[in-house]
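Report on the structure
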Amino acid sequence: MSTRPANKAPLSAAQQRGRKQDLVYRALRDRILSNDLRPGDRLRIDEITRQHEVSHIPVREALKQLQAEGFVTVEPYVGTTVADLPMEWVEEVFEAKEALELIGGRAACLAMDEEALAQVAVQVREMDDLVTDPEAWSQANVRLHRLICTEAGKPFVGEMLGRVLDQWDRLRRRYLEEVSAQRLEHAQAEHHEILASLQARDVEGLSTRISEHNRNALEAYARHLKLID
């Protein structure tokens, strides 16, 4: 005798609002990260509610979350706008990226087994063929750095690094032609140096390579931002 599965309980009003808030948050965040919404663009609540067919409440909550994460700013008499990318923000992104990569890299030197190291080597070599495709290379770059953290037994660091890399990706897309695409071959060569230090279990050498990798990128963006300031 077959039995029907019990019907799921309907979502509460709070759960429905939460789902709608998450939908709006993710949609706006994706548009900001892809540079579809650019720094200074206004985010009008009435317009967003019409686009997503939701009430004002989940839109306001989504904007609060985006503000807390630094994606938007709210000013009196101006409203909500996509946050700018000032030099101080760029420096903070690379400082956070460097710190997290140092934690993951040092742990990897000490804890990563040969099989995991081989996976990292494969990932780096595959990226050699992507230097003419900034989008594909950048996606692979995120996977590489998170792979190192995960295989080193630092999944929480990898999760935090993923959030920082989202911000880095926003910066990369904003200055794709002027800076990002011009640095790919140099960045990939630096990845090979990082891999060599990992394979040699050279903690100090790896730390130096990671710091240089991030500071070289920061200097490239700083030079460009100074030119257009």
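So, here is what we can say about the structure in this document. (Residues numbered from 1 in each chain as written. Predicted model: local features only at pLDDT ≥ 70, side-chain atom pairs only at ≥ 80, totals over all residues. Heavy atoms only, no water.)

**Topic: the overall build of the chain**
Heads up, the rule is: Every helix listed is a DSSP run of H or I at least four residues long, and every strand listed is a run of E at least two residues long, numbered separately from the N terminus. Any two residues whose heavy atoms approach within 4.5 Å at even a single point are treated as in contact. Using a 1.4 Å probe, the Shrake-Rupley method yields the accessible areas, and only the shown protein chains count as cover for residues. Note on charges: Lys and Arg go in the positive column, Asp and Glu in the negative column, and His and the chain ends are not counted at all. By convention, the point assigned to a charge is CZ for Arg, NZ for Lys, CD for Glu and CG for Asp.
A tally of helices and strands in the chain yields ten helices and two strands. Beginning at the N terminus, the succession of helices and strands in the chain can be written as α-α-α-β-β-α-α-α-α-α-α-α. For the chain, the C-alpha atoms occupy an extent of roughly 70 × 55 × 30 Å along the three principal directions. At a minimum sequence separation of 6, the contacts of the chain that also span at least 24 residues come to 74%. When the accessible area of the chain is evaluated, it comes to approximately 13,200 Å², of which 49% is carbon and sulfur surface. With 31 positive and 39 negative side-chain charges, the chain shows a separation of 8 Å between the mean positions of the two kinds.

**Focus on empty space enclosed by the protein**
Empty pockets left among the atoms are what a rolling probe the size of a water molecule brings to light. As a reminder, the rule being used: Every definition here rests on a 1 Å grid over the protein atoms only: cavities are sets of points where a 1.4 Å probe fits but cannot get out, pockets are open sets enclosed by protein on both sides within 12 Å along at least five of seven lines, and lining residues have some atom within 4 Å of a point. Grid points are joined across faces, edges and corners, and a volume is the space filled by probe spheres set on the points.
If you walk through the whole model with that rule in mind, you get three cavities of 30 Å³ or more. Its volume calculated, the largest cavity comes out at about 160 Å³. Along the walls of the largest cavity sit 16 residues, with Trp137, Trp168, Arg183, Ala187 and Ala217 positioned nearest its centre. If you list the elements that add at least two residues to the lining of the largest cavity, you get helix H4 (87-111), helix H6 (134-151), helix H7 (155-174), helix H8 (176-180), helix H9 (184-199) and helix H10 (203-228).

**Overview of the pattern of salt bridges**
For clarity, the cut-off: The salt bridge definition used is simple: a Lys or Arg side-chain nitrogen within 4 Å of an Asp or Glu carboxyl oxygen. Residue burial is assigned from relative accessible area. The probe radius is 1.4 Å, only protein chains are included, and a residue is buried under 20% of its type maximum, exposed over 50%, and partly exposed in between.
Scanning all chains against the criterion turns up 15 salt bridges. Across the pair arginine 215 and glutamate 98 runs a salt bridge whose closest N-O atoms are separated by 2.8 Å. Here the residue arginine 215 occupies a position in helix H10, and glutamate 98 occupies one in helix H4, the gap between them amounting to 117 residues. Assessed through its relative accessible area of 47%, arginine 215 is described here as partly exposed. Taking the shortest distance from any N to any O, the salt bridge between arginine 172 and glutamate 135 comes out at 3.1 Å. On the criterion of sequence distance, the pair formed by arginine 172 in helix H7 and glutamate 135 in helix H6 is long-range, its members being 37 residues apart. On the accessibility criterion, arginine 172 (3% relative accessible area) is buried.

**Here's the deal with the packing of aromatic side chains**
Note the threshold: Only Phe, Tyr and Trp rings take part, Trp by its six-membered ring, and two of them pair if their centres are within 6.5 Å. Stacked means planes under 30 degrees apart, edge-to-face means over 60, and tilted covers everything else. The criterion is that NZ of a Lys, or CZ of an Arg, lies within 6 Å of the ring centre and within 35 degrees of the ring normal, and then a charge sits over that ring.
Tallied over the entire structure, the rule returns one aromatic pair. Their ring planes at 35 degrees and their centres at 5.9 Å tell us that phenylalanine 94 and tyrosine 221 sit as a pair that is tilted. Linking phenylalanine 94 in helix H4 with tyrosine 221 in helix H10, this pair joins segments that are 127 residues apart in sequence. In terms of burial, phenylalanine 94 and tyrosine 221 fall into one category: buried. For the cation-ring pair, arginine 170 lies above tryptophan 89, with the distance from its terminal atom to the ring centre recorded as 5.7 Å.

**Concerning a negative patch on the surface**
Put simply, the test is: For patch detection, residues must exceed 30% relative accessible area and be free of salt bridges, and they are connected within 9 Å for like charges or within 5 Å for nonpolar side chains (Val, Leu, Ile, Met, Phe, Trp, Tyr).
Taken together, Glu88, Glu91, Glu92 and Glu95 make up a surface patch of like negative charges. Turning to its location among the elements, glutamate 92 is positioned in helix H4. Glutamate 92 gets classed as exposed once you look at its relative accessible area, which sits at 53%.

**Considering the pairing of strand E1 (residues 72-75)**
The test is simple: Criterion used throughout: strands pair if DSSP finds at least two bridges between them.
Two elements, E1 and strand E2 (residues 79-82), share four bridges in a ladder whose sense is antiparallel. Opposite valine 72, over in E2, you have valine 82 as the bridge partner. The antiparallel pairing of E1 with E2 creates a hairpin that spans three residues between the two strands, and tyrosine 77 there sits at a positive phi of about 65 degrees.

**So, the nonpolar core**
We apply this condition: By nonpolar core we mean a set of buried residues, namely Ala, Val, Leu, Ile, Met, Phe, Trp, Tyr and Cys, connected to one another through side-chain atoms within 4.5 Å.
The biggest cluster of nonpolar side chains holds 44 residues, and the ones touching the most others in it are Val90, Phe94, Val120, Leu171 and Leu198. Looking at this core, the elements that each hand over two or more residues are H4, helix H5 (114-128), H6, H7, H9 and H10. In terms of residues, this core owes the most to one element, H4, which gives nine residues. Setting aside its immediate chain neighbours within four residues, leucine 171 contacts Leu85, Trp89, Val90, Phe94, Ser180 and Tyr221. With 17 residues, the next largest nonpolar core counts Ile32, Leu37, Ile45 and Val72 among its residues.

Without other data, these values stay purely geometric and don't point to any function.
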